[in-house]
Amino acid sequence: MDKKGMTGRKRTFLLITIPIMALFFCFNTLPLIKGMIYSFTNFKGYGSYEFVGLRNYIDLFGDARVGKSYLFTFKLAVVATIIVNLISLILAMGLNSKIKFKSALRGAYFIPNILGALVVGYIFNYFFTYIFPAFGDMINSGALSSSMLSNPKLAWIAIVIVCAWQAIAMNTIIYISGLQTVPEDVYEAASIDGATGWKKFKNITFPLILPFFTINMVLCVKNFLMVFDQIMALTKGGPAQSTESISYLIYNNGMGGGQFGFQSANAVIFFFVVVLISAFQLGVLGKKEEQL
């Protein structure tokens, strides 16, 4: 009876798992394999193609546009990650303290994460294009009278603002979860020893929430390296290709530019870059956690 029951239970779990695995293979693994195959071809996205070996990978390292997109993407990822984690941690500490309407404020700060990135991007596009320039004209400010999105030197800052505004919500919630794991007894003992303010945060709070800091750092860098929706909604890689991220370049030139094989090679390289950076972060921050 027990054996039959266990067999039936295992069969049920198997029947649940197989369709999910099939969907995962069809929409994730199979496209990845096909993309790797296309990266060794001169496929344009249509028609016939030929295998060209490693030519696409060799050409990548000599393509100035690809190099520029990598530099922009890394710059955006580093700046946005620092801003997001700094603001998120400050907000989390404030929302974790004993203040009124704490739950309502947490809900309000989480709203940006609920909205779609494209929706947020188009809303900010309207603000940067019409609202801020009109406000600049009203106060006679030359710096604000023109759209940031039309300035090659300032457009990336607008993208960082939008990316940070939306990412802060989730990071704040993760930091709040970490802060709630810190026992009150530890703070009370520290207060008795005379620890206050910055010393309490540096020696007690931060070391105890370091695993949550690791999660946020890895997720932030990964998400910002793969930035696409905000670029699509705000600048479409302009002006003068100054805000062309790697993901947007792969999509734009691969799908509509006749470089499907070439951009497939770019996507493969980018995949390994993201994996290596994430593994490096986990390794470094993991050792830091062990030391503490």
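Provided above is the structure to which this section pertains.
Residues numbered from 1 in each chain as written. Predicted model: local features only at pLDDT ≥ 70, side-chain atom pairs only at ≥ 80, totals over all residues. Heavy atoms only, no water.

A few words now on the overall build of the chain. Along the backbone of the chain there are 12 helices and zero strands. Starting at the N terminus, the α and β elements of the chain follow one another as α-α-α-α-α-α-α-α-α-α-α-α. Computed over C-alpha atoms, the radius of gyration of the chain comes to 24 Å, more than 25% over the 19 Å expected from 2.2 N^0.38 for 292 residues, which places it beyond the range of a compact globule. When the backbone C-alpha atoms are referred to their principal axes, the chain occupies close to 85 × 75 × 35 Å. Out of the 292 residues in the chain, the part that is buried amounts to 38%. Counting only contacts in the chain whose residues sit at least 6 apart along the sequence, the fraction spanning at least 24 positions is 70%. In the structure as shown, the chain presents an accessible area of about 17400 Å², 69% of it carried by carbon and sulfur atoms. Of the charged side chains in the chain, 23 are positive and 13 negative; the average position of the first set lies 4 Å away from that of the second. (Helix = DSSP H or I, 4+ residues; strand = E, 2+ residues; numbered from the N terminus. Rg over C-alpha atoms; globule rule 2.2 N^0.38 Å. Buried < 20%, exposed > 50% of the residue type's maximum accessible area, 1.4 Å probe, protein only. Contact = heavy atoms within 4.5 Å. Areas by Shrake-Rupley, 256 points an atom, 1.4 Å probe, with all protein chains shown as cover. Lys, Arg positive; Asp, Glu negative; His and termini not counted. Charge placed at Lys NZ, Arg CZ, Asp CG, Glu CD.)

Interaxial distance between helix α11 (residues 246-255) and helix α12 (residues 260-291) falls to 8 Å at its minimum, and their mutual angle equals 160°. By the angle between their directions, the pair α11 and α12 is classed as roughly antiparallel. In this structure, the crossing between α11 and α12 has a hand that is left-handed. Between α11, through I246, S247, L249, I250, N253, G254 and M255, and α12, the contact on the second element is made entirely by F260, Q263, N266, A267 and F270. Split by residue class, the contact of α11 with α12 holds seven nonpolar, five polar and no charged. (Axes fitted to C-alpha atoms, helices over the stretch in contact; angles between N-to-C directions. Parallel < 35°, antiparallel > 145°, perpendicular 65-115°, else oblique. Left-handed = near helix turned anticlockwise from the far one by under 90°. Nonpolar A, V, L, I, M, F, W, Y, C, P; charged D, E, K, R; others polar.)

Look at helix α3 (residues 64-95) against helix α6 (residues 155-179): their axes get within 6 Å of each other, and the N-to-C directions meet at 40°. Put simply, α3 runs oblique to α6. Crossing of α3 against α6: the hand is right-handed. Residue classes in the contact of α3 with α6 are distributed as 21 nonpolar, four polar and one charged.

Evaluation of the coordinates by the stated rule reveals 21 aromatic pairs. Look at Y70 and F74: their rings are 6.2 Å apart centre to centre, the planes differ by 45°, and that puts the pair in the tilted class. Separated by four residues within a single helix, Y70 and F74 lie in helix α3, roughly one turn from each other. Judged by its relative accessible area of 13%, Y70 is buried. The interplanar angle of 65° and the centroid separation of 5.4 Å between the aromatic rings of F124 and W165 together place this pair among those described as edge-to-face. (Phe/Tyr/Trp six-rings, centres within 6.5 Å; stacked < 30°, edge-to-face > 60°.)

Moving on: the side chain of S264. Checked against the element boundaries, S264 lands in helix α12. When its relative accessible area of 8% is taken as the criterion, S264 is described as buried. Those residues in contact with S264 that sit more than four places away from it in its chain are G35, Y38 and S39.

Quick look at a nonpolar patch on the surface now. Taken together, F25, L30, I33, I37, F40, Y49, F51, L54 and I58 make up a surface patch of nonpolar side chains, about 850 Å² in accessible area. The element that contributes the greatest number of residues to the nonpolar patch is helix α1 (residues 2-38), accounting for four residues. Relative to the elements of secondary structure, F40 occurs in the loop between α1 and α2 (55-60). (Patch = residues over 30% accessible without salt bridge, like charges linked within 9 Å, V, L, I, M, F, W, Y side chains within 5 Å. Salt bridge = Lys/Arg side-chain N within 4 Å of Asp/Glu carboxyl O.)

Formed by 40 residues in total, the largest nonpolar core has its most connected members in L76, V84, F128, I159, F224, L234 and F270. Broken down by element, the residue count for this core peaks at nine residues, all from α6. Among residues more than four places away in sequence, those in contact with L76 are I159, V160, F224 and V227. By size, the runner-up hydrophobic cluster in this structure holds 19 residues, among which are L89, A92, A190 and I209. (Core = buried A, V, L, I, M, F, W, Y, C linked by side-chain atoms within 4.5 Å.)

Let us look at α3. For α3, which comprises 32 residues, the first-to-last C-alpha distance of 46 Å matches the rise-based estimate of 46 Å (1.5 Å per residue) to within 8%. For α3, the side-chain oxygen to backbone nitrogen distance between the N-cap and R65 is 2.9 Å, and the N-cap itself is D63. (Expected span 1.5 Å × (residues − 1). Polar contact = N/O pair within 3.5 Å; in protein donor to acceptor, adjacent residues only side chain to side chain.)

Inspection of the secondary structure puts Q263 in helix α12. In this structure the C-alpha to C-alpha distance between Q263 and N253, which are 10 residues apart in sequence, comes to 7.0 Å. With near-sequence residues (within four places) excluded, Q263 lies in contact with L249, I250, N253 and G254. Within the structure, the side chain of Q263 is placed 3.1 Å from the side chain of N266, a separation counted as a polar contact.

In this section: helix α8 (residues 197-208). Compared with the 16 Å implied by 1.5 Å per residue over 12 residues, the 16 Å span of α8 between its first and last C-alpha is a close match. Buried-residue contacts for α8 involve α3, α6 and α7 (184-192).

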